[in-house]
Amino acid sequence: MIKLYLIGVSILLTAILANIIADYINLTTWYKFLNIILEKGSFLKGLKEQTIFDILWLFFIYPLILGLGYLIAAKLFNIFY
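Figured I'd write up the structure that's included with this text.

Definitions and cut-offs
Residues numbered from 1 in each chain as written. Predicted model: local features only at pLDDT ≥ 70, side-chain atom pairs only at ≥ 80, totals over all residues. Heavy atoms only, no water. Helix = DSSP H or I, 4+ residues; strand = E, 2+ residues; numbered from the N terminus. Expected span 1.5 Å × (residues − 1). Bend = angle between axes of the 7 residues up to and from the residue. Buried < 20%, exposed > 50% of the residue type's maximum accessible area, 1.4 Å probe, protein only. Contact = heavy atoms within 4.5 Å.

## Quick look at helix α4 (residues 52-80)
- Taking 1.5 Å of rise per residue, the 29 residues of α4 would be expected to cover 42 Å, and the 41 Å separating its terminal C-alpha atoms lies within 8% of that figure.
- Of all the bends in α4, the greatest measures close to 40° and is centred on Leu58.
- Of all the positions in α4, only Asp54, Trp57, Leu58, Tyr62, Gly69, Ala73, Ala74 and Phe77 are classed as buried.
- Buried positions along α4 lie against α1 (2-24) and α2 (30-40).

Here you go:
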């Protein structure tokens, strides 16, 4: 149970840091993207508003970074427990 919790916290901290960095370099975060979808009324209309960099960030780079957050936590857990 502790392993699951620590991995969850690691992914959360990774997500927060990734969102701070994305916002700093003016990439669309999931929070902004969801607001655009609600504003435009559909997923596809919201998607058309994004740059190629935003799309790459949202659908490829961001999930990869979250996966790295998992790997870091799993490795740290194996070292310390």
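There is more to say after this.
## Quick look at the environment of Phe53
- Within the secondary structure layout, Phe53 lies in helix α4.
- Taking the C-alpha atoms as reference points, Phe53 and Thr28, 25 residues apart in sequence, are found 8.8 Å from one another.

## Observations regarding α1
- For α1, spanning 23 residues, the distance from its first C-alpha to its last is 33 Å, which sits close to the expected 33 Å at 1.5 Å a residue.
- Taken together, the buried positions of α1 are occupied by Ile7, Ser10, Thr14, Ala15, Ala18, Asn19 and Ala22.
- Among the structural elements, α2 and α4 are those in contact with the buried residues of α1.
- One or two residues past the end of α1 sits Asn26, with phi positive at roughly 60°.

Spatial relationships are all this shows, so hold off on functional conclusions.
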